[in-house]
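Remarks on the overall topology
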Amino acid sequence: NLASTLTSITDLDALLQTALNRIHNYFDVSAGEIFMVDEDQHRLQRVLHQGDAIPALWKQERFTRNQALVGQAARTGQPIVVELPHKDDPFLLSSDLGAAGIHQIACFPLSSHSEVLGVLVIATVESAPLDTMDTQLLSSIASWVGTAIENVHLNIQGRRLAVLEERERIGMDLHDGIIQSIYAVGLTLEHARLLLPEEPEQ
C-alpha cells in the first residue's frame, strides 16, 4: 500500500512526509528523521523531523559522508542499527535521547540504482526494539522511498525540459515575428520610394 501510494505522489515534501508518517505509525517509533543528499553530493541535510519526544536526534543538521551514523549509512549504502548509549558517535544527542527513553537508533539509506539519495533515521524505545524482520522491512521501504524520490526528480527534470523547450519555441516565434515585421517595413519603404516621384503627398 505504501509503495503504491508513493508512486502517485509528485511533490517531494509530500512524499517524504507521507513515508515518514506511515513508518512512524506502523512501527510506533519515538522519532524519525530524513536527511537528503545536497546538490554537490557531499553533504546530507536534515529536511524532516517527526516525533514530540525529542526535538532532534543529532546535535547538527548537516553531515558529510564521513560523519556520524547518517554519513556512514550514506557512504556504505547499508543499514545501521545501534543500541544506546553509543559511545563511538559524538554527534548523537545522548543525554536528550536517554531522557526520552530512546533505546535504538537505526539508519537506512534511501537508495535507487546504486545511488544513495538520502538517509532515513528512526529511534525506538526499549519496549519496542527493531528485530531482524523489522530491519528487513524498513530496508525495503527505504528502497521504495529512494525509487520514488528519483521518480519525482525525473518528473521535475521533465517539466523543466518542457518549459525550456516552450521558451525556445516562443523565442523563435518572437524572432520570426520581428524579422517579418522588419521585412514588411522594408517593403513599405521600397514602395514609398517608387511612389515618391509620382505621388509625393501620398
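Refer to the structure presented above.
Now for a description of the structure that goes with this document. Treat the numbers as computed from the prediction; the structure is a model and nothing was measured. (Residues numbered from 1 in each chain as written. Predicted model: local features only at pLDDT ≥ 70, side-chain atom pairs only at ≥ 80, totals over all residues. Heavy atoms only, no water.)

In this section: the nonpolar core. Counting residues in each nonpolar core, the largest one holds 27 residues, and the members touching the most others are L15, I122 and V145. For this core, the element with the highest residue contribution is helix α5 (residues 132-195), accounting for seven residues. Of all hydrophobic cores here, the second largest spans 26 residues; its members include A31, F63, V70 and L84. (Core = buried A, V, L, I, M, F, W, Y, C linked by side-chain atoms within 4.5 Å. Buried < 20%, exposed > 50% of the residue type's maximum accessible area, 1.4 Å probe, protein only. Helix = DSSP H or I, 4+ residues; strand = E, 2+ residues; numbered from the N terminus.)

A contiguous nonpolar patch, built from Y26, L137 and W144 and spanning about 340 Å² of accessible area, is present on the exposed surface. Take W144: it is sitting in helix α5. (Patch = residues over 30% accessible without salt bridge, like charges linked within 9 Å, V, L, I, M, F, W, Y side chains within 5 Å. Areas by Shrake-Rupley, 256 points an atom, 1.4 Å probe, with all protein chains shown as cover. Salt bridge = Lys/Arg side-chain N within 4 Å of Asp/Glu carboxyl O.)

Okay, the packing of aromatic side chains next. For any two aromatic rings, the description comes down to two numbers: the centre-to-centre distance and the angle of the planes. Per the counting criterion, the structure on display carries three aromatic pairs. Measuring from centroid to centroid gives 5.8 Å for F35 and F63, while their planes differ by 45°, and the two rings are tilted. Of the two residues, F35 sits in strand β1 (residues 31-37) while F63 sits in strand β3 (residues 62-64), which places them 28 residues apart along the sequence. Residue classification places F35 among the buried positions, given a relative accessible area of 0%. An angle of 75° between the planes, with centres 5.7 Å apart, marks the rings of W58 and F63 as edge-to-face. Judged by its relative accessible area of 0%, F63 falls in the buried class. Among the aromatic residues, those joined into a ring-pair cluster are F35, W58 and F63. (Phe/Tyr/Trp six-rings, centres within 6.5 Å; stacked < 30°, edge-to-face > 60°.)

With that settled, consider the sheet that holds β3. If you trace the six strands from one edge of the open sheet to the other, you get β3-β2-β1-β6-β5-β4, paired in antiparallel fashion. Since the sheet does not close on itself, it has two edges, and those belong to β3 and β4 (80-83), each with one partner. Each neighbouring strand pair of the sheet contributes to a mean axis angle of 20°, computed without reference to strand direction. As paired elements, strand β2 (residues 43-50) and β3 share three bridges and run antiparallel to each other. Bridging from a neighbouring strand, L44 pairs with F63 of β3. α5 contacts β1, β4, β5 (102-112) and β6 (115-125) of the sheet and is inclined by roughly 40° relative to β5. (Pairing = 2+ DSSP bridges. Axes fitted to C-alpha atoms, helices over the stretch in contact; angles between N-to-C directions. Contact = heavy atoms within 4.5 Å.)

Quick look at the packing of helix α2 (residues 12-27) against α5 now. Where α2 meets α5, the axes come as close as 10 Å, and the angle between the chain directions of the two elements is 170°. With respect to their mutual orientation, α2 and α5 come out roughly antiparallel. Within the contact between the two elements, α2 uses L12, L15, L16, A19, I23, Y26 and F27 and α5 uses D134, L137, L138, I141, V145, A148, I149, V152 and H153. Partitioning the contact of α2 with α5 into residue classes produces 14 nonpolar, one polar and one charged. (Parallel < 35°, antiparallel > 145°, perpendicular 65-115°, else oblique. Nonpolar A, V, L, I, M, F, W, Y, C, P; charged D, E, K, R; others polar.)

Moving on, we come to the layout of surface pockets. Looking at the largest pocket, its volume works out to about 550 Å³. Taken together, 19 residues make up the lining of the largest pocket; nearest its centre are V37, D38, E39, Q41 and H153. Sorting the residues of the lining of the largest pocket by element identifies α2, β1, β2, β6 and α5 as the ones contributing at least two each. For the lining of the largest pocket, the element with the highest residue contribution is α5, accounting for six residues. (1 Å grid on protein atoms, 1.4 Å probe; cavity = no way out; pocket = protein on both sides within 12 Å on 5 of 7 lines; lining within 4 Å. Points joined across faces, edges and corners; volume = space filled by probe spheres on them.)

Judged by which residues are buried, β4 turns out to be one-sided: I80 and V82 face inward and are buried, whereas V81 and E83, on the alternate face, are not. Bridge count for β4 against β5 is four bridges, and the pairing is antiparallel. From the neighbouring strand, V82 faces β5, where its bridge partner is I105.

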